[in-house]
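# Structural features, examined
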Amino acid sequence: DGAHQTHEYQSDVARLRKIVINSLYSHRDVFLRELLSNANDALEKLRITALTDKSLVSPDEPLNITIQLLPASGSGAGRVVIADTGIGMTPDELTQNLGTLAKSGTSDFLVQAESAGAQQAGNLIGQFGLGFYSSFLVADHVEVASVPAGGNGEQWVFASGAEDQRFEVFPDPRGRTMRHGTEITLLLREDAKEFLNPGKVKELVDKHSGFSTSFPIYLQTFKTEEVPDEDSPVPADPLEADAIDTSPPVDDSEAIVEDLPEDASPITPPPPRTKNVTRETWEQLNDQPPLWTRDAKTVSEAEYTDFYKSTFRDTAAPLAHAHFAGDAGSSVSFKSVLFIPSELPSEFWSTTQARVEGVRLMVKRVFITNDLGEDALPKWISWLRAIVDADDLPLNVSREQLQSTKFLAQIKSILVKRAINLLTKVASAPASINEETGEEEGQTQYRAVWKAIGSAIKLGAMEGSAGQKNKLGALTRWTTNVREFVGLDDYVDNRKKGQRQIFYLAGVGQKAEDLAKSVFIEKLHARGYEVLLLTEPMDEILLNNFQRWGGMAFQDVAKKGLQYGDEDMDAEADKAEQAGIAERFAPLLSWLKKEYTGTVMDVVISNRLVTSPCAIVADRYGYSANMERLVAAQQR
Ligand code: ADP
Ligand code: MG
């Protein structure tokens, strides 16, 4: 056959298939999610294209996905056939899309996956979405038949074995079986027979694909029932699976195939004559309305988690979510669910420009884009994951149109506001009692949030608008010499009588427990004052930005200007004692001043030390030692 083509795989593809097959055995369920997501993409593409060219679709060919599970009738482990009525592929596209790696991200994947273990590779496949090759996790051999929409072309097939160095592309010997779309046949590996089990397939679709697929997914199932037999036909061979009609569904169709009578023994008379009838039915797997359109009260935590994982391709559960309907200005109403992920994107700190891919914009339930432009969200909150479904935008709205309308700007500010509200709600949740240990668990959820995105919250407290700054400042948590996980409001509430300053000590890169032992804290600690221990580079800048919190000024305890606030209480006694000390140490003081001229600005008698004989402090308006280290590090 002259049309039959044999192609070498590119070397990258060979490497990729090897990684996928070898390192992802325990994640092989992903094949179904990946193939369904490709089918969904192909249907989306067709629908979008058909908005301008109606001739591409016809009512006789509904846009849907079908799954058939076909046990082996002879040798082999059986087949799984996944078909969509989407945009389809030309022979060239079969070669290009399935035989080469066009995507730039894939080479990054290769580098990362080869150095990562199997567990990480499993997470990576989710992030990079290496879809089609995951077929080889469960199949020895894969055939992809496809017809592009709109063309009058032939139906072609891409075929490859899991171990092959080459793949074949040839005209389908069956001729054209589809109007448009793609049919993927997986010849299952011996150890992958579990995927012939309809229960297993339903479970996987529910968990990973049901939420994110906007077209109906039908599973072909066979039910055998006993029915009265009126005219006792010549029985068909029950073992011949091929006798069953396996054509795709025309909405809720039922084909009936007749079977052997159950008991055909000649000895027992068969008075009530019955026969077994195998009904082929198409069951829709994703018949729930999209999660974000449902009433929040009817959605379980597990459903939110599954939805998040499958929509945003994360292997970890989100830390919190908010589900709401809103009005952007007065013009556009929308529904939204937003999520706090369990960690910051890996490139969060390495780029200055926010790369926001986590906001998925839908119009009337149809996915439009997750690329809302570079400034889609402020950098500090670019980790946010959200679905936004607008009710009254046109389906074929373009990105340019979106940007020119006020809609995006409004959505953006609503999302940020809602996200801050969500954080605040989680942060103010009352302590709960752990039912297993009986111990009080203060703020378990907010602790996890703080651990994951605390540094981004600090960034927001510096870069956000004035209103946001205060809300985000209230969300920051600190370690002190006496407690951990202390909020600024909490610090202020816990102040000692007369205390007018919020004390802090900064030591970037040091451990809080070591800072707590510093000489600068001795006396404060002895007198029962709390001191914030700053260990991250941003911390001091952040507090200096605020200047005051709850009416109290921030005071670096390693600088001049420290006021205890309880001096007044024993003022008289103190004064006398101070005078005595001043007199006694006057000679030492003048000697030290002379000796260290040019090295220090001043030498004073201090009342801030308990056991240490002396301390070197920074001038009130000078850099703290910590800031000096930071500045020096930047100038290097
Ligand atoms: P991705 O989906 O991330 O692009 P895949 O490996 O899953 O990567 O798929 C590669 C390409 O093959 C797709 O981009 C698409 O062009 C094509 N493709 C895969 N499955 C289908 C399908 N069912 N219908 C049409 N094209 C498909
Ligand atoms: Mg894909």
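Residues numbered from 1 in each chain as written. Chains lettered and ligands numbered in written order. Predicted model: local features only at pLDDT ≥ 70, side-chain atom pairs only at ≥ 80, totals over all residues.

The subject of this paragraph is the overall build of the protein chain. Scanning the protein chain for helices and strands turns up 17 helices and 22 strands. Relative to its full complement of 636 residues, the protein chain shows a buried share of 30%. (Helix = DSSP H or I, 4+ residues; strand = E, 2+ residues; numbered from the N terminus. Buried ≥ 20, exposed ≤ 12 C-beta atoms within 10 Å, placed from the backbone.)

Quick look at helix α14 (residues 519-526) now. Among the residues of α14, those classed as buried are F520, I521 and L524. The arc that holds every buried residue of α14, seen down its axis, measures 70°, which confines them to one face. Where α14 is buried, its residues touch β19 (501-506) and β20 (531-534). Of the residues one or two after α14, G528 is the one with positive phi, at around 85°. (Arc of directions from axis to C-beta. Contact = placed C-beta atoms within 7 Å.)

Within the chain, R313 stands out as a residue other than glycine whose phi angle is a positive 50°. Residue R313 is classed as partly exposed on the basis of its C-beta count, with 18 C-beta atoms lying within 10 Å. With a phi angle near 65°, Q547 is a residue other than glycine that sits in the positive phi range. As for its position among the elements, Q547 is in the loop between α15 (537-546) and β21 (548-549).

One finds L384, V388, Y504, L505, V531, L532 and V557 to be the most contacted residues of the largest nonpolar core, which totals 72 residues. Among the elements that take part in this core, helix α9 (residues 407-427) stands out by supplying nine residues, more than any other. Setting aside its immediate chain neighbours within four residues, V531 contacts T480, N481, F503, Y504, L505, I521, L524 and V557. In this structure, L36, L94, V138 and L186 belong to the second largest nonpolar core, which totals 46 residues. (Core = buried A, V, L, I, M, F, W, Y, C linked by C-beta atoms within 7 Å.)

A separate point is the confidence of the model for the protein chain. Of the residues in the protein chain, 81% have a pLDDT of 70 or more, and the chain-wide mean is 83. Taken as a whole, residues 235-246 scores under 50 in pLDDT and shows 20 contacts with residues more than four places along the chain or in a different chain. The ipTM value of the predicted complex is 0.99, and its pTM value is 0.70. (pLDDT = per-residue confidence, 0-100.)

Bringing the pairing of strand β13 (residues 359-363) into the picture now. For β13, the tally of buried residues reaches five of five residues, placing the bulk of the element in the interior. Where burial is concerned, the two faces of β13 agree: the one with V359, L361 and V363 and the one with R360 and M362 are both buried. Sheet topology note: the β13/strand β15 (residues 385-390) ladder contains five bridges and is parallel. Bridge pairing in β15 places V359 opposite A386. With three bridges connecting them, β13 and strand β14 (residues 366-369) associate as antiparallel partners. (Pairing = 2+ DSSP bridges.)

Turning our attention to the environment of G550. Here G550 shows up in the loop between β21 and β22 (552-556). Judged by the 12 C-beta atoms lying within 10 Å of it, G550 is exposed.

Right, let's talk about the site of ligand 1 for a bit. Taken together, 16 residues lie around ligand 1, and N38, A42, N97, G131 and F132 are the ones closest in. When contributions to the shell around ligand 1 are tallied by element, the ones reaching two or more residues are α2 (30-52) and α3 (91-99). At five residues, α2 tops the list of elements feeding residues into the shell around ligand 1. Looking at the shell around ligand 1 residue by residue, the class counts come to seven nonpolar, six polar and three charged. (Near = placed C-beta within 6 Å. Nonpolar A, V, L, I, M, F, W, Y, C, P; charged D, E, K, R; others polar.)

What follows concerns helix α11 (residues 466-475). Of all the residues in α11, the buried ones are L472, G473 and L475. End-on, the buried residues of α11 take up no more than an arc of 150°, which puts them together on one face. Of the exposed residues in α11, the ones pointing more than 90 degrees away from its buried face are A466 and G467. Where α11 is buried, its residues contact α9, α10 (444-463), α12 (488-493), α15 and β21.

The subject of this paragraph is the pairing of strand β3 (residues 79-84). As paired strands, strand β2 (residues 65-70) and β3 are joined by six bridges and run antiparallel to one another. Across the sheet, I65 pairs through a bridge with D84, a residue of β3.

Below, the discussion takes up the sheet that holds β20. In spatial order, the strands read β18-β20-β19-β22-β21; together these five strands make up an open sheet with mixed pairing. Looking at which strands have only one partner, the edges of the open sheet turn out to be β18 (479-480) and β21. As paired strands, β19 and β22 are joined by four bridges and run parallel to one another. Bridging across to β22, F503 finds its partner in Q555. Each of β19, β20, β21 and β22 is contacted by α15, which is oriented at about 160° to β19, the strand it contacts most. (Axes fitted to C-alpha atoms, helices over the stretch in contact; angles between N-to-C directions.)

Interhelical geometry of α10 versus α11 gives an angle of 150° and a closest axis separation of 7 Å. Relative to α11, the element α10 lies roughly antiparallel. Between α10 and α11 lies a crossing of left-handed hand. Here α10 contributes I457, G460 and A461 to the contact with α11, which in turn contributes Q468, K469, L472, G473 and L475. Class assignment of the residues belonging to the contact of α10 with α11 gives a composition of four nonpolar, three polar and one charged. (Parallel < 35°, antiparallel > 145°, perpendicular 65-115°, else oblique. Left-handed = near helix turned anticlockwise from the far one by under 90°.)

Now for the environment of F31. Position of F31 among the secondary structure elements: in helix α2. Between the C-alpha atoms of F31 and I581, which are 550 residues apart in sequence, the distance is 80 Å. With residues near it in sequence (within four places) discarded, F31 still touches S134, S135, L137 and V138.

Along the chain, L36 falls in helix α2. When the C-alpha positions of L36 and A83 are compared, they lie 9.1 Å apart, and in sequence the two are 47 residues distant. Look past the residues within four positions of L36 in its chain and what remains in contact with it is I65, S209, T213 and I217.

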